[in-house]
Amino acid sequence: MAGGGIVVQGGRNYEGDVTVFVIVTCMVAAMGGLLFGYDLGISGGVTSMPSFLNQFFPSVVKKMKGAHESEYCKFDSELLTLFTSSLYLAALVASFGASVVTQKFGRKPSMFLGGVSFLIGSVLNGIANNIEMLIFGRLLLGVGVGFANQSVPVYLSEMAPAKIRGALNMGFQMAITIGILVANLVNVGTAKIAGGWGWRLSLGLAIVPALMMTVGSIFLPDTPNSILERGHKEKAKKMLQKVRGTDNVDEEFQDLVDASESAKKVDNPWQNILQPQYRPQLIMCSVIPFFQQLTGINVITFYAPVLYMTLGFGDDASLYSAVIGGSVNALATLVSIFTVDKFGRRILFLEGGLQMFVCQILVGTLIGMKFGLNGEGTLSKFDANLILFLICVYVAAFAWSWGPLGWLVPSEICPLEIRSAGQAINVSVNMFFTFVIAQVFLAMLCHFKFGLFYFFGGFVLIMTVFIYFFLPETKNVPIEEMNRVWKAHWFWSKYIPDEAVIGFRHDEDGTAV
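Definitions and limits used
- Residues numbered from 1 in each chain as written.
- Predicted model: local features only at pLDDT ≥ 70, side-chain atom pairs only at ≥ 80, totals over all residues.
- Heavy atoms only, no water.
- Helix = DSSP H or I, 4+ residues; strand = E, 2+ residues; numbered from the N terminus.
- Buried < 20%, exposed > 50% of the residue type's maximum accessible area, 1.4 Å probe, protein only.
- Salt bridge = Lys/Arg side-chain N within 4 Å of Asp/Glu carboxyl O.
- pLDDT = per-residue confidence, 0-100.
- Contact = heavy atoms within 4.5 Å.
- Axes fitted to C-alpha atoms, helices over the stretch in contact; angles between N-to-C directions.
- Parallel < 35°, antiparallel > 145°, perpendicular 65-115°, else oblique.
- Left-handed = near helix turned anticlockwise from the far one by under 90°.
- Nonpolar A, V, L, I, M, F, W, Y, C, P; charged D, E, K, R; others polar.
- Expected span 1.5 Å × (residues − 1).
- Polar contact = N/O pair within 3.5 Å; in protein donor to acceptor, adjacent residues only side chain to side chain.
- Core = buried A, V, L, I, M, F, W, Y, C linked by side-chain atoms within 4.5 Å.
- Disulfide = S-S within 2.5 Å.

At Asn 476, a position not held by glycine, the phi torsion is positive, near 65 degrees. Note that Asn 476 resides in the loop between helix 23 (451–470) and helix 24 (483–487). On the basis of relative accessible area, Asn 476 is assigned to the partly exposed category, the value being 29%.

Have a look at this one:
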């Protein structure tokens, strides 16, 4: 089927129920997303606080007061963007170390190390008295994010039964959106603290999600896949029985054992993932996080208050507008959780992409009409509210499509022998382009002006077309049987050898079963 809409019916139906045990463990693990979300939300608010800017970035304050400064350019500062973006550069580097820890020692130690690093970075940021201390704290936060984003999505995909894997994995994205919303609310409160030290509280409160993840990782059980990977067969079977709520797990356990035995034959997962039979996973683990960042969502998330101030909202209005956007983000993520395992991944990707594209074109056009190329103009209350509405519709589309699916799909498509490498590629590509966007956005806004929204809109259109043609549906397919999906696809099938597929055959109509 040229559109990539291959339907793989089911896969093996393993016995077992959706147990309270697996729900609770996945909810605790998903709290790792709070780290990432809190930082995403807190940065933009802090960098719009006058007291913070006066202490660390006085040149930005001077530029903001310039009588003839273009609205598009008044926040443009490489040092200011380095404060935000340095975290993601550190996360990129840390993801490779996290890959080794996750594979050799399990998912839990990786979560623990991420939580501890984030905790130390939070303390340093809260007490920082110079730019060097501030940036060093951000780098430690980045190490924490790198470890958390490497281990948590893999943990969730391995623990969850196939029929609700999407919903449970999206708990990670739900935690990210909650973290963003909480951070926006914190910024609104701390911005009103007399004495100008509110930014310290905003940055320092990151110790709360750090403690939650650190303590949670101590009590979490490890996944059956990870226990097997380290050679403890009986222990892994007992854990699988506990996770599935039944003693009859022989069929699923045998598939896990087979996958583990195949993985042990691989000396170097990084070398292995370059082989032709893993070409679909390599491409998707690289392209999906690349496109996720080129949606432009982090322009909104990082710099929401700064962006709204640039568009003519007042200081308080910009913070409240960011809260509105954060609320929409959290609520819309629920839509994805309740629909992803029923309607599938592809339809959410495609609908979300089209919705984001339309909103970005409309926002760019409205800003262009009001500010023009010279950046001089004002927004009426109606104009400001309309732009805020369109941005919220855009955020909602991302929250039920590219936001959670950008983490879910790469974490569920890789077989065990390349899973740590695949997730490390996913995280590192995501963090690299997060860093790039964070570092250059304010300069891009200054030079691209309203065309910046057209720029991101163009990428959204490209990536939506890519998904239509090249991403098959993966809902309800057991994680160790995912090769059946690629073997049934019109393009990827040529890379997958028959022996790599469990029980693969075609019906007369060509559908894989």
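The next thing to look at is the pattern of salt bridges. Should their charged atoms come close, side chains of opposite charge can pair. Going through the model one piece at a time under the given rule, you end up with 12 salt bridges. Of the charged contacts in the structure, one is a salt bridge between Glu 252 and Arg 244, with a shortest N-O distance of 3.0 Å. A relative accessible area of 9% means that Glu 252 is categorised as buried. The network of salt bridges with shared partners includes Arg 107, Glu 158, Glu 229 and Arg 419.

Turning to the confidence of the model for the chain, a few remarks are in order. The predicted model of the chain averages 82 in pLDDT, with 85% of residues at 70 or higher. In the model, residues 1–11 has pLDDT below 50 throughout and makes 34 contacts with residues more than four positions away in sequence or in other chains. A low-confidence stretch, residues 503–513 (pLDDT under 50), is modelled with 18 contacts involving residues beyond four sequence positions or located in other chains.

Bringing the packing of helix 13 (residues 233–244) against helix 14 (residues 250–264) into the picture now. Look at helix 13 against helix 14: their axes get within 10 Å of each other, and the N-to-C directions meet at 135 degrees. Compared by their axis directions, helix 13 and helix 14 come out oblique. Crossing geometry of helix 13 relative to helix 14 is assigned as right-handed. Contacts from Lys 233, Ala 236, Lys 237, Leu 240 and Arg 244 of helix 13 reach helix 14 at Asp 250, Glu 252, Phe 253, Leu 256 and Val 257. Partitioning the contact of helix 13 with helix 14 into residue classes produces 5 nonpolar, no polar and 5 charged.

With that out of the way, let us pick up helix 21 (residues 402–413). The end-to-end C-alpha distance of helix 21 is 16 Å, a good match for the 16 Å that 12 residues give at a rise of 1.5 Å each. Counting buried residues along helix 21, 12 of its 12 residues qualify, which places the element largely inside the surrounding structure. All of the buried residues along helix 21 are Trp 402, Gly 403, Pro 404, Leu 405, Gly 406, Trp 407, Leu 408, Val 409, Pro 410, Ser 411, Glu 412 and Ile 413.

Here we come to the side chain of Ser 411. Tracing the backbone through its elements, the reader meets Ser 411 in helix 21. Reaching out from Ser 411, the side chain makes a polar contact with the backbone oxygen of Leu 408 at a distance of 2.8 Å. Residues within four places of Ser 411 in sequence aside, it is in contact with Pro 153, Val 154, Ser 157, Asn 169, Gln 423 and Ile 479.

Take the nonpolar core next. What tends to happen in soluble globular proteins is that the nonpolar side chains get buried as a cluster. Among the nonpolar cores identified, the biggest contains 63 residues, and Met 284, Met 356, Trp 402 and Ile 413 are the most heavily contacted of them. In contact with Trp 402, other than residues within four places in its own chain, are Ile 288, Phe 291, Gln 292, Thr 295, Phe 349, Gly 353, Met 356, Ala 397, Met 463 and Ile 467. Of all hydrophobic cores here, the second largest spans 61 residues; its members include Leu 35, Ala 236, Leu 256 and Trp 407.

Another point: the side chain of Thr 102. As for its placement among the helices and strands, Thr 102 is situated in helix 5 (residues 78–105). A distance of 2.7 Å separates a polar atom in the side chain of Thr 102 from the backbone oxygen of Ala 98. For Thr 102, the residues in contact, after removing those within four places along its chain, are Arg 107, Ser 110, Gln 150 and Ser 151.

Tallied over the full model, the rule gives 0 disulfides. Between Cys 359, a free cysteine, and Cys 392, which holds the nearest cysteine sulfur, the sulfur-to-sulfur gap is 9.8 Å. Exposure remark for Cys 359: the relative accessible area of 4% places this residue in the buried category. Of all cysteine sulfurs, the one in Cys 285 lies closest to Cys 414, which takes part in no disulfide; the gap is 3.7 Å. Given a relative accessible area of 1%, Cys 414 falls into the buried group.

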